[in-house]
Amino acid sequence: MEQAKNWAGNIVYQATAVKYPTSIAELQEIVRQTPKLRVLGTRHSFNRIADTTAVHISLDKLPAKIDFNHQEKTVTVSGNLRYGDLCLAVAAEGYALHNMASLPHISVVGAIGTATHGSGSQNGNLATAVTALTLINAAGDLIELSRQRNGAQFDGMVVHLGNLGVIVHVTLVLLPTFSMRQFVYTNLPFEKVTTNFQTVMSSAYSVSLFTDWRGETINQLWLKERVDSRSALPQERFFDGVLAKRPYHPIDTAPAESCTEQMGVVGAWFERLPHFRMDFTPSFGEELQSEYFVPIESGAAALRAIHQIRDKIAPQLFISEIRTVAADGLWLSPCYQQDSAAIHFTWKPNLSEVYKILPEIERALLPFRVRPHWGKLFDLSGKYLHHIYPKLEDYRALIKQFDQKGKFQNAFIQEHI
């Protein structure tokens, strides 16, 4: 069997076989008959969280499902659906999702399973939209889970890390549709941004800072605002940044054709919340990623701590993005009970060099009770993660309840959970 790789190409999966069920019944039978397995999604993880030395299951050939409940204002989708496809259907029904990640090409189930997020000081991560899940447990049984049925324990089920079973359906809360526009500002003084950090990051519905850590400026500020909001934008200068007169890619020197429209052009929510267009196919094998979360009140101090070691970071970096995300109650969310600032690193594909840098970044961020993105590169130990996630023991008990023999576990989960 040809070995499959992840999106970036830095992980060669160790699976002995890949199963492609075409129905829920067939999937249930595979789960019953298979001692060890792991679900393979859109492969947009950069560590071995999705890997297995046994069997991979892909949901790609299952029938797609998008069912709207107009009374409840929810949508139930199949586990193989990607956000780009979901958004078109949601918009056609007059609805919106509250948030989007940078890329619309990732799967809904994979994104919520690792608490992947968009941006916005008032916006929770993608998993916070979940109200119900349907999964196949280790015995092959189809189980319905929801906040209404399971109460507070449901908060431990949403950010599941692939450990509770095979998620075949997920139900999301919807908003009424809305339009947005975005503006880019360039060359903001680093000290100006950090001094006014929370004000800057709350100045639009979704806010992103981009920096290459090579000087005393933030390269770009992206402001994504709802058209129905009260706004003084655009201003020629914003926190001493200069309003862009042309479209930008997050990396200054890269062409902007792949990016969603800027310069105040009005578009639907799904055409502005992501950074990249749905008709743009992401490249493979050109980057690595890490991301760290700290409490938002520590955001400025955390950025200053990274700034102190920027000379070690910059040579291996394509770009770094800083976002904010609202607090939630999901047990394994990096934003559990804290409004958070997220510091993201898009690395050049030099894995050994990146792994030399990660411990230094983590040491700089430890005073701020840093939490890593579960699906990206980090070096923090399982012991530390137990210390930083107060509900982790409860989550372990939940795993045993659903999967007593560890059918869905792998080496990554055993090490970190």
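Computed from a prediction, not measured in an experiment: that's the story for all the values here.

### Some thoughts on the overall build of the protein chain
- Scanning the protein chain from terminus to terminus reveals 12 helices and 20 strands.
- Radius of gyration (C-alpha) of the protein chain: 21 Å, near the 22 Å computed for a compact globule of 417 residues.
- With respect to the three principal axes, the spread of C-alpha positions in the protein chain is 60 × 50 × 40 Å.
- Considering the protein chain as a whole, with its 417 residues, one finds that 59% of them fall into the buried category.
- Contacts in the protein chain between residues far apart in sequence, at least 24 positions, make up 71% of those at least 6 positions apart.

### As for the sheet that holds strand β2 (residues 37-40)
- Taken in spatial order, the three strands of this open sheet run β1-β3-β2, and their pairing is parallel. Looking along the sheet, the strands with just one partner apiece sit at the ends: β1 (17-19) and β2. Across the sheet, the mean angle separating the axes of adjacent strands is 30 degrees when strand polarity is ignored.
- Taken together, the four bridges between β2 and strand β3 (residues 55-58) define a ladder with parallel strand orientation. Residue pairing in the sheet places Leu40 in a bridge with Ser58 of β3.

### Looking at the environment of Val109
- By the element assignment, Val109 lies in helix α3 (residues 108-113).
- Taking C-alpha positions, Val109 is 21 Å from Phe280, a pair spaced 171 residues apart along the chain.
- The contact partners of Val109, leaving out residues within four places of it in the chain, are Gly79, His160, Ile167 and Val170.

### Quick notes on the packing of aromatic side chains
- In the structure shown here, the tally under the stated rule is 12 aromatic pairs.
- Between Phe238 and Phe239, the ring centres sit 5.0 Å apart and the planes meet at 85 degrees, which makes this aromatic pair edge-to-face.
- Counting every residue linked through ring pairs, the aromatic cluster contains Tyr185, Phe238 and Phe239.
- The ring of Tyr20 carries the charged tip of Lys61 above its face, separated from the ring centre by 5.1 Å.
- Sitting above the plane of the Phe178 ring, Arg226 keeps its charged end 4.0 Å from the centroid.

The rules we used
Residues numbered from 1 in each chain as written. Predicted model: local features only at pLDDT ≥ 70, side-chain atom pairs only at ≥ 80, totals over all residues. Heavy atoms only, no water. Helix = DSSP H or I, 4+ residues; strand = E, 2+ residues; numbered from the N terminus. Rg over C-alpha atoms; globule rule 2.2 N^0.38 Å. Buried < 20%, exposed > 50% of the residue type's maximum accessible area, 1.4 Å probe, protein only. Contact = heavy atoms within 4.5 Å. Pairing = 2+ DSSP bridges. Axes fitted to C-alpha atoms, helices over the stretch in contact; angles between N-to-C directions. Phe/Tyr/Trp six-rings, centres within 6.5 Å; stacked < 30°, edge-to-face > 60°. Lys NZ or Arg CZ within 6 Å of the ring centre and 35° of its normal.

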